[in-house]
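Geometric and topological summary
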Amino acid sequence: MKILVCVTSVPDTTTKITFTGNNTKFNKAGVQFITGPYDDYALARAVELKEKLGASVTVFNVGEADAEPVIRKCLAIGADDAIRVNAEPIDAYFVAEQIAAVAKETPYDLILMGRESIDYNGGQVHGIVGEMLGIPSISPVMRLDVEGTTAKMTREIEGGKEDIEAQLPLVLGCQEPIAEWKIPNMRGIMTARTKPLKIIQPAGQDSLTAVANYEMPAPRGAVKMIPADEAETLIKLLRTEAKVI
Amino acid sequence: MSVLIFAELDEGKLKKSSQEAIFYGSKVAGMMGTSATAVVIGAADQSELATAGRFGATKVLHATDAKLNEPNGMAYASVVAAAAQQEGAKVVVLAKSSLGDAMAARLAGKLKAGLAPNVIELPDLSSGFRVKTSIYTGKAFAFNELKADVKILAIKKNTIATEETDATATVENFAPSLNDADFALRVTNTEKATGDVLLPEADLVVSAGRGMKGPENWGIVEDLAKALHAATACSKPVSDLDWRPHHEHVGQTGIKVSPNLYIAAGISGAIQHLAGVNSSKVIVVINKDPDAPFFKSADYGIVGDVFEVLPKLTKAVQAL
């Protein structure tokens, strides 16, 4: 079985987001970049499947050289090799095009990624890749087992979940609790240094969207504190002042 | 070249988020000097479909093939793509939801469309097509320029205030040919909470965290939610501990909500939790720790014991 795991390099979840250049550029200064948390779940499950069933796991990233620490960490966690498309991930369509190009050349049984990246929260790439390759896409997947050529999955839906079966190949957007995040061990970190990382040039240049500028949300007003022994006042205020109930 | 809106049904009724999408789509149609057409898939009464007119749609295309009775993102995307072609639509609008997300991406692939997710305002058409979206899980906004010929807008729930008129929409049957490949998934089991207010659609949310000390204490959270007709939610540690189901977990890696009122009881307010709730209109925080960071992001706060405060609030709501 061949598994492709697509990962994003994104600002750590605790990052205070700021912009520079008159709100036209994300301010990378002092920002710690991490593997997308959802992508990390996808990778962890891929490595588990490899250990259980035997599989090759290739990490895939569209990004510039500064994404390499994230890629090396994925290799340290247990992926076998990696591909980096040397380009800024401009938009979902562009990224999907890169994944589809690689998957057309080397067919994969499973293309896994997070349900969404935590920067643009688009959650589009898996669906567009599925469409480009003419195969099903499913998201958000919270359980994945493979028996022969059948994948058995659980997908979260509004207010519940459903169990799904489908034939490989598939594109899946993953989320917890599909697997526990893995932390690389020393041996993994050592071997990751010599695992192959192929750098390729982008196929196609189709970006269909562009960010013109950014804006920060208006700060919330000061909090109005209510003494605990007058808690019922809150309900009155929610009705008469905030007018939400 | 009308604006096309996909409107989602829940048990035969148009979902509130889809009414918002219809209203949004009709406003865009107005800006573009054209009309708004809604596509509805699955069984529903004609009279219910005609209510799309109240939110601005002039026409409803209704696809009723029995194969479409169960929601299916891939097949539904194909139906909407066929409708877009028939209507010559250059703008497709839908509400963000489990189904809407699955459809939007497949549609973008089919139509080679520029897709804006998490749209929170009407577009600016003064030069090109620019639309404001929520990014970094609500920590910032981006103004997206959609450059493709076809544009898809996925509207974030509860960010568009609808207005209603007495108009009704005409309903036309729509029966595009279906593609077998779109039915490749076999759903073997579905578990869905019934009777409760669904969290992603809820106007009011009562959420609780580890401060509740254990799943057996959730009764007082549910009582307040019931009194308010609110949905219940929880923080990540609570769902990790299996005190509550995962579909109730709000936060950076859970459900993102934007209700009118979010009440957080016994949640300290880690930045990852705030990311999932910070676009709520009004936030109430109840915590016994006066230094809980959540108070800084709240509109109303009570420093106190949740086990005393929540029942008091429930009583006050019941007395309204």
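Residues numbered from 1 in each chain as written. Chains lettered and ligands numbered in written order. Predicted model: local features only at pLDDT ≥ 70, side-chain atom pairs only at ≥ 80, totals over all residues. Heavy atoms only, no water.

In the nomenclature of an unreviewed UniProt entry, chain B is known as Electron transfer flavoprotein subunit alpha/FixB family protein of Fibrella rubiginis. Regarding chain B, the UniProt comment filed under Sequence similarities (unreviewed entry) reads as follows: "Belongs to the ETF alpha-subunit/FixB family." (UniProt positions renumbered as here; feature names shortened; annotations may be inferred.)

Looking at an unreviewed UniProt entry, one finds chain A named Electron transfer flavoprotein subunit beta, with Fibrella rubiginis as its source organism. UniProt, in its Sequence similarities (unreviewed entry) section for chain A, records the words "Belongs to the ETF beta-subunit/FixA family."

Take the overall build of chain A next. Counting its secondary structure elements, chain A contains 6 helices and 15 strands. With the C-alpha coordinates aligned to their principal axes, the bounding extent of chain A is approximately 65 × 45 × 40 Å. Taking all 245 residues of chain A together, 55% fall into the buried category. Here chain A displays about 10,500 Å² of accessible surface, and carbon together with sulfur accounts for 52% of that area. Computing the positive centroid from 26 side-chain charges and the negative centroid from 33, chain A places the two 3 Å apart. (Helix = DSSP H or I, 4+ residues; strand = E, 2+ residues; numbered from the N terminus. Buried < 20%, exposed > 50% of the residue type's maximum accessible area, 1.4 Å probe, protein only. Areas by Shrake-Rupley, 256 points an atom, 1.4 Å probe, with all protein chains shown as cover. Lys, Arg positive; Asp, Glu negative; His and termini not counted. Charge placed at Lys NZ, Arg CZ, Asp CG, Glu CD.)

Another point: the UniProt feature "domain: Electron transfer flavoprotein alpha/beta-subunit N-terminal" (unreviewed entry) in chain B. As annotated in UniProt, the feature "domain: Electron transfer flavoprotein alpha/beta-subunit N-terminal" (unreviewed entry) corresponds to residues 3-187 of chain B in the numbering used here. For residues 3-187 of chain B, the helix share is 28%, the strand share is 30%, and the end-to-end C-alpha distance is 32 Å.

In terms of nonpolar packing, the biggest core is built from 55 residues, with Phe60, Ile99 and Ile111 of chain A together with Ile41 of chain B touching the most fellow members. Setting aside chain neighbours within four positions, we find isoleucine 99 of chain A in contact with Leu4, Cys6, Phe60, Ile111, Met113, Val125 and Val129 of chain A. In this structure, Tyr41, Leu43, Ile77 and Ala82 of chain A belong to the second largest nonpolar core, which totals 39 residues. (Core = buried A, V, L, I, M, F, W, Y, C linked by side-chain atoms within 4.5 Å. Contact = heavy atoms within 4.5 Å.)

A word on the pairing of strand E10 (residues 151-155) of chain B. Residue and element names in this part refer to chain B. In terms of burial, E10 is largely enclosed, as 5 of its 5 residues are buried. Of the two faces of E10, the one lined by Lys151, Leu153 and Ile155 and the one lined by Ile152 and Ala154 are each fully buried. Two elements, strand E6 (residues 91-95) and E10, share 5 bridges in a ladder whose sense is parallel. Among the inter-strand pairings, valine 91 is bridged to a residue of E10, identified as lysine 151. Alignment of strand E7 (residues 114-119) against E10, held across 4 bridges, turns out to be parallel. (Pairing = 2+ DSSP bridges.)

What follows deals with the packing of aromatic side chains. Applying the stated criterion across every chain yields a total of 7 aromatic pairs over all chains. An angle of 5° between the planes, with centres 4.3 Å apart, marks the rings of phenylalanine 19 of chain A and tyrosine 214 of chain A as stacked. Of this pair, phenylalanine 19 of chain A sits in strand E3 (residues 19-20) while tyrosine 214 of chain A is found in strand E14 (residues 209-215), placing the two residues 195 residues apart along the sequence. Residue class for tyrosine 214 of chain A comes out buried when judged on its relative accessible area of 8%. An aromatic cluster is built from Phe19, Phe26, Tyr120 and Tyr214 of chain A together with Tyr136 of chain B, whose rings are joined through pairwise contacts. Sitting over the ring of phenylalanine 141 of chain B, lysine 132 of chain B keeps its end group 4.6 Å from the ring centre. (Phe/Tyr/Trp six-rings, centres within 6.5 Å; stacked < 30°, edge-to-face > 60°. Lys NZ or Arg CZ within 6 Å of the ring centre and 35° of its normal.)

Below, the discussion takes up the environment of leucine 122 of chain B. All names here are of chain B. Looking at the secondary structure, you find leucine 122 in the loop between E7 and strand E8 (130-135). When its relative accessible area of 38% is taken as the criterion, leucine 122 is described as partly exposed. Residues leucine 122 and alanine 95 lie 27 residues apart in sequence; the distance between their C-alpha atoms is 14 Å. Those residues in contact with leucine 122 that lie beyond four places of it in its chain are Tyr24, Lys27 and Val28.

All names here are of chain B. UniProt records the feature "binding site: FAD" (unreviewed entry) for Arg210, Gly266, Ile267, Ser268, Gly269, Ala270, Ile271, Gln272, His273 and Asn287 in the present numbering. Along the chain, serine 268 turns up in the loop between strand E15 (261-265) and helix H7 (271-277). For serine 268, the contacting residues outside a window of four places in its chain are Asn287, Ala292, Pro293 and Phe294. Secondary-structure assignment places glutamine 272 in helix H7.

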